[in-house]
Protein chains: 2
Amino acid sequence: MTRKKVKLAFIANDSSRKATYKKRKKGLMKKLNELSTLCGINACAIIYSPYDSNPEVWPSNSGVQRIISEFRTLPEMDQNKKMVDQETFC
Amino acid sequence: MTRKKVKLAFIANDSSRKATYKKRKKGLMKKLNELSTLCGINACAIIYSPYDSNPEVWPSNSGVQRIISEFRTLPEMDQNKKMVDQETFC
DNA sequence: AGAACTATCTATAATTT
DNA sequence: TAAATTATAGATAGTTC
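First, a word on scope: everything that follows refers to the structure included in this document. Here the structure is a predicted model, which means the values were calculated and not measured. (Residues numbered from 1 in each chain as written. Chains lettered and ligands numbered in written order. Predicted model: local features only at pLDDT ≥ 70, side-chain atom pairs only at ≥ 80, totals over all residues. Heavy atoms only, no water.)

Observations regarding the sheet that holds strand S1 (residues 42-48) of chain A
Here is the rule we go by: We treat two strands as partners when DSSP finds at least two bridges between them. A run of DSSP states H or I qualifies as a helix once it reaches four residues; a run of E qualifies as a strand once it reaches two. Both are numbered from the N-terminal end. Helix axes are fitted only over the stretch in contact, all axes being lines through C-alpha atoms; the angle between N-to-C directions runs from 0 to 180 degrees. Note on contacts: a residue pair qualifies if any of its non-hydrogen atoms lie within 4.5 Å across the two residues.
Spatially, S2(A)-S1(A)-S1(B)-S2(B) is the arrangement adopted by the four strands of the open sheet, whose pairing is antiparallel. Each having just a single partner strand, strand S2 (56-58) of chain A together with strand S2 (56-58) of chain B make up the two edges of the open sheet. On average, each strand axis in the sheet is inclined to that of its neighbour by 5°, with strand direction left out of account. Here S1(A) pairs with strand S1 (residues 42-48) of chain B via seven bridges, running antiparallel. In the strand pairing of S1(B), Ile47(A) is matched with Ala43(B). Contacts from helix H1 (residues 14-39) of chain A reach S1 and S2 of chain A together with S1 of chain B, with the element oriented near 15° to S2(A). Along the sheet, helix H1 (residues 14-39) of chain B makes contact with S1 of chain A together with S1 and S2 of chain B, crossing S2(B) at roughly 15°.

Focus: the relation of the copies chain A and chain B
Selection criterion: Superposition of the copies used a least-squares fit over C-alpha atoms from residues whose pLDDT is at least 70 in both.
Mapping chain A onto chain B calls for a rotation angle of 180° and an axial translation of 0.0 Å; the resulting RMSD is 0.1 Å. These values place the two chain copies in the arrangement generated by a two-fold rotation axis. Among all residues of chain A, the one whose C-alpha sits closest to the rotation axis is Ala45(A), at a distance of 2.1 Å. A shared interface surface links the copies, since 100% of the contact residues of chain A are contact residues in chain B too.

Here's the deal with the pairing of S1(A)
Residue and element names in this part refer to chain A. To keep things clear, this is the line we draw: Relative accessibility under 20% of the residue-type maximum defines a buried residue, over 50% an exposed one, and the middle range a partly exposed one, all with a 1.4 Å probe and only protein chains included.
Most of S1 sits inside the fold, with six of its seven residues counted as buried. For S1 and S2, the ladder comprises three bridges, and the chain directions are antiparallel. Following the sheet pairing, Ile-47 is matched in S2 by Glu-56.

Examining the pattern of salt bridges
Note the cut-off: Take a side-chain nitrogen of Lys or Arg and a carboxyl oxygen of Asp or Glu: if they are within 4 Å of each other, that pair is a salt bridge.
Summed over the entire model, instances satisfying the criterion amount to eight salt bridges over all chains. Note that Arg24(A) is salt-bridged to Glu34(B), the shortest N-O span being 2.9 Å. Highlighted residues: Arg24(A) in helix H1 and Glu34(B) in helix H1, drawn from two different chains. Assessed through its relative accessible area of 17%, Arg24(A) is described here as buried. Since its relative accessible area comes to 8%, Glu34(B) is described here as buried. Look at the salt bridges and you will find they share partners, linking Lys25(A), Asp52(A) and Glu56(A) into a network.

Some thoughts on H1(A)
What counts, and what does not: One fewer than the residue count of a helix, multiplied by 1.5 Å, yields its expected span.
The end-to-end C-alpha distance of H1(A), which contains 26 residues, comes to 37 Å, matching closely the 38 Å that a straight helix rising 1.5 Å per residue would cover. Tucked inside the fold, the buried residues of H1(A) contact S1 and S2 of chain A together with H1 and S1 of chain B.

What to know about the interface of chain A and chain B
Spelled out, the test is: When two parts are brought into contact, each loses some accessible area as probed by a 1.4 Å sphere; the total of that loss over both is the buried area. Here a polar contact is taken to be a pair of N or O atoms separated by no more than 3.5 Å, where protein atoms must pair a possible hydrogen donor with a possible acceptor and residues adjacent in sequence count only if both atoms sit in side chains. Gly is put with the polar residues, along with every residue not named as nonpolar or charged; the nonpolar set is Ala, Val, Leu, Ile, Met, Phe, Trp, Tyr, Cys and Pro, and the charged set is Asp, Glu, Lys and Arg.
Contacts between the two partners involve 60 residues from chain A and, on the opposite side, 60 residues from chain B. Across the interface of chain A and chain B, roughly 5,300 Å² is buried in total on both sides, 61% from carbon and sulfur atoms. Broken down residue by residue, the surface that chain A buries against chain B is led by Leu38(A), Tyr48(A) and Phe71(A), which jointly contribute 15%. At the boundary of chain A with chain B, the tally comes to two salt bridges. Remark: the boundary between chain A and chain B carries 16 residue pairs in polar contact (both at pLDDT 80 or more). The set of elements that each furnish at least two residues to the side of chain A that touches chain B consists of H1, S1, helix H2 (61-73) and helix H3 (84-89) of chain A. In terms of residues, the side of chain A that touches chain B owes the most to one element, H1(A), which gives 15 residues. Its residues assigned to classes, the side of chain A that touches chain B comprises 31 nonpolar, 14 polar and 15 charged.

As structure tokens, then:
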């Protein structure tokens, strides 16, 4: 996306792929932090990769645990359909 | 970030905040999709907001469920420390 | 292997429709 | 309100050190 447009496909070259991963992971975490701060919302992200020994998370392990606990309390069906009461709000 | 620099703070104006949320959420999901594709990694994100009746997720509800299940299988301590065997790989 | 640089691509704030 | 536009801030591919 800069010196040349990047084709949206797996980067075959190992070192290029790792370099891109490190840069983009950093950028993504920054974006998520900005979204959360600017809009006052809760969010989390978990990223697995061979480059990090443990999953990279945002905002923190405890923050992720809190949000996924909430996510799991949603009945399976409600995770896909709109809920009427909140629909009214939006 | 464009016509004017944005201060990293909660956007007080309701309509501006909502507009920013919608744009940035879309951008974030695109970035996560790109990271996953380019680098061949597994990742997920969950975003809660008053603008969407249900949490917005990437890549899908089932994908999120799969990844958080894996995350939860990590012993609490391992979620923060480096693991020696993978350290060698990186 | 990284850290830094920089040219240029992308995301998006403000504006218009 | 929401979608489209556009000017500009930000992210990053390729390169250098």
